[in-house]
Amino acid sequence: VLSTQAFLQRAWPRLEAWYSWFNTSQAGSQPGTYMWKGRDAVTEAELNPKTLMSGLDDYPRASHPTPDERHVDLLAWMALASSAMAEIGRVAGAPAKAVANYAAAAEAIGSMQRLRELHLDPASGQFRDYGLHSEAVEMVWSNLPQPAGLPPKRELVRQVTQPPQLQLVPCFGYVSLFPLVMQLLPPDSLELGQQLQLLRQEQLLWTDHGLRSLAPSSSLYKKYNTEHDAPYWRGQIWININYLTLRALKHYSSMTGPHQGAAGQAYADLRANLLSNLAGQYDSTGYLWEQYDDVDGKPKGSHPFTGWTALLTLAASEVF
């Protein structure tokens, strides 16, 4: 059986290739920025072109995909990946220069200066994506022309009534939490206090059943993306992001600073809400489900779903 160090030594070249692919292929147009590639920039069949590669399929991004986009969740992932590579490299006995480069990348990518410059909206205190965006977007029925002799085809198409502008996307949800979730915020920072306050606001993400994926104040909350494409990451409660948020809150509750108490209370309350609903719905239905409704906590999506919803066992045992 390979030791941990021996395994990591064998895996190291592949891990470096994986990191390099992400760091280059998903880089934004501005140095030090990142964007999920592959969004459909020409479709008129979607309210907001999906970002499938992010794993948060229909979570609202900039309405008009362009190379100027900046995605705060991917920046946070790359900061975490850089930190992980530095730690793995130290254990694997990788060259000291490579380890130092990854550590320096983690510090630079996830720095508060960069987060403030690229993704922080000072007025709201929210971290946001950036891109070419219009809030005046809707799906309308249109009669599409057909070949001679055939009746018109009626379809929903996207209509934009105000031209898009480059801006921070005014949308608060799971993506906004990633600097907190990835523990990039210093424990004594103003921004950490702001995120903890935003987290507890019931008109935003806080519910009695866990954190919803998108605030009701967001223009695409619970909106269908196409005629048949029901909302997915537009309000529902997902256990994976709730678990990562609990992990971050637990971390900050152990860090000396002005927000230690608030983080501890948020951790205790969120964990209680989440576990209470998950246990209650399991008792009622006999299953773990893909997602849960943010209004009544009822299960939604596919079942049985013992993928990430099984994280409830780790949350219950406080294993993070």
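This text goes with the structure placed above it.
These figures come from a predicted structure and were not determined experimentally. (Residues numbered from 1 in each chain as written. Predicted model: local features only at pLDDT ≥ 70, side-chain atom pairs only at ≥ 80, totals over all residues. Heavy atoms only, no water.)

1. Concerning the overall build of the protein chain
Helices and strands together make up the secondary structure of the protein chain, namely nine helices and ten strands. Its C-alpha atoms give the protein chain a radius of gyration of 21 Å, near enough to 20 Å, the size a compact globule of 320 residues would have. With respect to the principal axes defined by its C-alpha atoms, the protein chain has extents near 70 × 45 × 45 Å. By residue count, 48% of the 320 residues in the protein chain fall in the buried class. (Helix = DSSP H or I, 4+ residues; strand = E, 2+ residues; numbered from the N terminus. Rg over C-alpha atoms; globule rule 2.2 N^0.38 Å. Buried < 20%, exposed > 50% of the residue type's maximum accessible area, 1.4 Å probe, protein only.)

2. Regarding the packing of helix α1 (residues 4-25) against helix α2 (residues 72-92)
Packing of α1 against α2 leaves a shortest axis separation of 10 Å and a crossing angle of 155°. Taken together, the axes of α1 and α2 lie roughly antiparallel to each other. As α1 runs across α2, the sense of the crossing is left-handed. Contacts between α1 and α2 involve Q5, L8, Q9, W12, L15, E16, W18, Y19, F22 and N23 from the former and M78, A81, S82, M85, I88, G89, V91 and A92 from the latter. Here the contact of α1 with α2 is composed, by residue class, of twelve nonpolar, five polar and one charged. (Axes fitted to C-alpha atoms, helices over the stretch in contact; angles between N-to-C directions. Parallel < 35°, antiparallel > 145°, perpendicular 65-115°, else oblique. Left-handed = near helix turned anticlockwise from the far one by under 90°. Contact = heavy atoms within 4.5 Å. Nonpolar A, V, L, I, M, F, W, Y, C, P; charged D, E, K, R; others polar.)

3. Here's the deal with the environment of P145
Along the chain, P145 falls in the loop between β4 (137-144) and β5 (153-160). Placed 69 residues apart in sequence, P145 and L214 show a C-alpha to C-alpha distance of 37 Å.

4. Topic: unusual backbone geometry
Cis geometry is found at the peptide bond from H303 to P304, where omega equals -5°. One can find P304 in the loop between β10 (299-300) and α9 (312-316). One non-glycine residue with positive phi stands out, namely Q183, at about 60°. If you trace the backbone, Q183 turns up in the loop between α5 (178-181) and α6 (190-199).

5. Considering α1
When the terminal C-alpha atoms of α1 are compared, their 30 Å separation across 22 residues agrees well with the 32 Å that a helix rising 1.5 Å per residue should span. Along α1, the largest kink reaches about 45° and is centred on A11; proline P13 follows within four residues of it. Turning to α1, its buried residues number three or more, namely L8, A11, W12, Y19 and F22. Where α1 is buried, its residues contact α2 and α3 (96-109). (Expected span 1.5 Å × (residues − 1). Bend = angle between axes of the 7 residues up to and from the residue.)

6. Some thoughts on the nonpolar core
Counting residues in hydrophobic clusters, the biggest one holds 71 residues, and the most contacted among them are Y59, L115, Y174, L177, L185 and L211. Setting aside chain neighbours within four positions, we find Y174 in contact with Y59, L205, L211, R212, S213, W233, Q236, I237, W238, I241 and N242. Counting residues in each nonpolar core, the second largest holds five residues, with L47, V137, M139 and L220 among its members. (Core = buried A, V, L, I, M, F, W, Y, C linked by side-chain atoms within 4.5 Å.)

7. Quick look at the pattern of salt bridges
Under the counting rule described, the total for this entry stands at 15 salt bridges. Its salt-bridge partner being E69, residue R39 comes within 2.8 Å of it at the nearest N-O pair. Linking R39 in the loop between α1 and α2 with E69 in the loop between α1 and α2, this pair joins segments that are 30 residues apart in sequence. Comparing R39 with E69 shows no difference in burial state: the two are buried. With a shortest N-O distance of 3.6 Å, D121 and R128 are connected by a salt bridge. The class of D121 is buried, set by a relative accessible area of 15%. Residue class for R128 comes out buried when judged on its relative accessible area of 13%. Three or more residues are tied together by salt bridges with common partners; here these are R212, K222, D293 and D294. (Salt bridge = Lys/Arg side-chain N within 4 Å of Asp/Glu carboxyl O.)

8. Details of the side chain of S134
One can find S134 in the loop between β3 (130-133) and β4. Since its relative accessible area comes to 6%, S134 is described here as buried. Reaching out from S134, the side chain makes a polar contact with the backbone nitrogen of A136 at a distance of 3.1 Å. Once residues lying within four places of it in the same chain are set aside, the contact partners of S134 are S63, V160, Q162, P163 and P164. (Polar contact = N/O pair within 3.5 Å; in protein donor to acceptor, adjacent residues only side chain to side chain.)

9. Notes on helix α8 (residues 260-285)
The end-to-end C-alpha distance of α8 is 37 Å, a good match for the 38 Å that 26 residues give at a rise of 1.5 Å each. The set of residues buried in α8 consists of A263, A266, Y267, L270, N273, L274, L275, N277, L278 and Q281. One or two positions beyond α8, positive phi appears at G286, with a value near 80°.

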